[in-house]
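# Fold and geometry: a report
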Amino acid sequence: MDYQITGHTKLTGLLGSPVAHSISPLMHNESFRHLGLDYVYLCFDVGEENLKTAVEGLKTLGVRGFNCTMPDKTRMCELADRLSPAARMIGAVNTVVNDDGILTGHNTDGVGYMMALKEAGVDVIGKKMTLLGAGGASSAIAVQAALDGVAEIRIFNRKTRSWARGEHLVEEINRNTDCKASLYDLEDLSMLKASLDSSQILTNGTSVGMEPHPEGCLIPDASMLHEGLVVSDIIYNPRETRLMELGREAGCRVLNGLYLLLFQGAEAFRIWTGCEMPVDVIKEKYFR
């Protein structure tokens with residue numbers, strides 16, 4: 001059917017900075033078109049300093065919902081009227097739905113990440129993960145991985161303002177799941193190397209290495225990695241990050257964040273519309 005903007009079109013979108021690189025508009029708008037839903041999805045470059053104003057404006061305009069990406073996920077917890085249990089435990093929101101002026105914050109990143117690993121045939125249940133970062137995306141990954149049965153997660157983070165968040169995250173995981181979680185200084189390379197040596201998967205849950213700074217990498221060189229380690233990055237632009245290049249150099253299997261994006265988006269789509277995203281259609285068109 002023809003896809004047209006009407007007087008009844010419901011608005012959804014993405015808040016974050018930067019967002020111009022995002023493929024979320026492509027996959028959501030194609031899904032709306034494919035299912036004949038009168039919705040549209042747009043990107044808005046909004047940082048933390050303007051997030052409150054932007055959210056108030058979107059609420060006033062009656063948008064159906066929106067996604068949040070870096071650096072807005074943590075701040076959005078404070079701005080939502082309600083939080084899902086997962087969002088409350090994680091301390092970050094990546095999906096918001098507006099029900100008659102009530103904004104409920106959800107977090108679909110962890111579900112998306114675990115579904116992406118399953119799609120790639122990677123089994124981490126009962127195994128050990130080394131996770132870089134303690135921000136919104138990393139927290140979602142850690143919580144969902146712990147809930148799903150990963151045996152141990154070692155989180156490495158810089159001693160910045162997010163360090164306290166990492167401490168709280170570890171406490172939550174150890175108190176509420178059977179997973180053993182611990183937090184270490186990212187600058188402690190000897191501890192990082194030891195953790196990687198005994199891990200089955202390394203995951204970068206930060207924005208380091210994302211466009212427009214694709215040269216960034218939290219792992220100094222390939223000697224830190226070992227063959228048999230799965231190297232996973234939540235970044236999908238560029239599709240091969242510097243971390244993934246190092247992983248290939250070390251003989252590791254590497255994964256980018258494309259399928260995480262797909263499956264977390266599919267869950268957001270369901271929350272907003274009540275319909276299942278046509279995942280196979282979107283994979284064929286945008287993820288090959």
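Report follows, based on the coordinates. (Residues numbered from 1 in each chain as written. Predicted model: local features only at pLDDT ≥ 70, side-chain atom pairs only at ≥ 80, totals over all residues. Heavy atoms only, no water.)

Bringing the pairing of strand 1 (residues 10-16) into the picture now. Of all seven residues in strand 1, five are buried, a share of seventy percent or more. In this sheet, strand 2 (residues 39-45) lies alongside strand 1 in parallel orientation, the contact comprising seven bridges. From the neighbouring strand, T12 faces strand 2, where its bridge partner is Y41. Note that the unit made of strand 1, helix 1 (residues 24-35) and strand 2 has a crossover that is right-handed. The sheet contact formed by strand 1 and strand 3 (residues 65-68) spans four bridges and is parallel. Across the sheet, residue L14 finds its bridge partner in strand 3, namely N67. (Buried < 20%, exposed > 50% of the residue type's maximum accessible area, 1.4 Å probe, protein only. Helix = DSSP H or I, 4+ residues; strand = E, 2+ residues; numbered from the N terminus. Pairing = 2+ DSSP bridges. Right-handed = clockwise from strand over helix to strand, strands pointing away.)

Moving on to the environment of L183. Along the chain, L183 turns up in strand 9 (residues 180-185). For L183, a relative accessible area of 17% translates into the label buried. Note: C-alpha distance between L183 and D100 (83 residues apart in sequence) is 40 Å. Sequence-distant contacts of L183, defined by excluding residues within four places in its chain, comprise I155, N157, W163, G166, E167 and V170. (Contact = heavy atoms within 4.5 Å.)

In this structure the tally under the stated criterion is 17 salt bridges. For R33, the salt bridge goes to E30, with nearest N and O atoms at 2.7 Å. Residue R33 and its partner E30 are both found in helix 1; the two are separated by three residues, about one turn of the helix. Judged by relative accessible area, E30 falls into the buried class, the value being 9%. Here K73 makes a salt bridge to D109, at a shortest N to O gap of 2.5 Å. (Salt bridge = Lys/Arg side-chain N within 4 Å of Asp/Glu carboxyl O.)

Secondary-structure assignment places P214 in the loop between strand 10 (201-204) and strand 11 (230-233). Between the C-alpha atom of P214 and that of P238, which follows or precedes it by 24 residues, the distance is 6.8 Å. Setting aside residues no more than four positions away along its own chain, P214 makes contact with G209, P238 and R242.

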